[in-house]
Amino acid sequence: PPPPAMPLPPGGAALTTVIPPIGADGVRMTPNRGLSFQEQIWHLRAALNVAALNCRGIVWDEITTNYNRYLTLHKTQLAKTTKAVDQEYVKRYPGQNGLRVRDTKMTDLYNYFAMPPVKQEFCNAALTKSREIVALPVADLPTYSVTALANLDTIYLRFYDAFLKYQQDLAEWNLKYAPRP
């Protein structure tokens, strides 16, 4: 009988996908780990911004409307958060341009949230979060943001686990079925 099909990466991921290492806390070191409280609020805003820009089509178009409404409803909290995060970066990176470090990290974060292999799952979850966040009492935004960010990050953690399983399956397939030189 012919050999089984060679394993393929999950979600059509690139073969060169880099998997973040596991941190000392036993959790994979995504851009959403080790953040201050204010950064978690800011990272959720970034996730919803990526969703508003990247999730298109009849099913997801509501995200953009909800995102714009979120920016209006939570304007005061988001302005305070922006200022706090800027201050954290200036303090955290003395002698460097802390705001430039923040901008670089934000670019990495936007790229993370825009990862093609998880786009559908991310967009579906972002749609739910965008609906929840516009129905949220203003005072609840900080606490909600922490939980919502962790929920979204779980999508990426599952993808990384699936990619590692793919690599393991591919190694086993190669041992059994790959042509020998």
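Refer to the structure above for everything that follows.
In what follows, the accompanying structure is described.

Reading the values: rules and limits
Residues numbered from 1 in each chain as written. Predicted model: local features only at pLDDT ≥ 70, side-chain atom pairs only at ≥ 80, totals over all residues. Heavy atoms only, no water. Helix = DSSP H or I, 4+ residues; strand = E, 2+ residues; numbered from the N terminus. Polar contact = N/O pair within 3.5 Å; in protein donor to acceptor, adjacent residues only side chain to side chain. Contact = heavy atoms within 4.5 Å. Disulfide = S-S within 2.5 Å.

## Brief notes about the side chain of Arg28
Topologically, Arg28 is positioned in the segment before helix H1 (37-54). Reaching out from Arg28, the side chain makes a polar contact with the backbone oxygen of Pro20 at a distance of 2.4 Å. If near-sequence neighbours (up to four positions away) are discounted, Arg28 is found in contact with Ile19, Pro20, Pro21, Ile22, Arg33, Leu157, Tyr160, Asp161 and Leu164.

## Some points on the state of the cysteines
One pass over the structure, following the stated rule, counts 1 disulfide. Put simply, Cys55 and Cys123 are joined by a disulfide, and their sulfur atoms are 2.0 Å apart. Around the S-S axis, the bridge from Cys55 to Cys123 shows a dihedral of about -80° and counts as left-handed. Pair noted here: Cys55 is in the loop between H1 and helix H2 (62-73) and Cys123 is in helix H5 (residues 119-134), with a separation of 68 residues, a long-range link.

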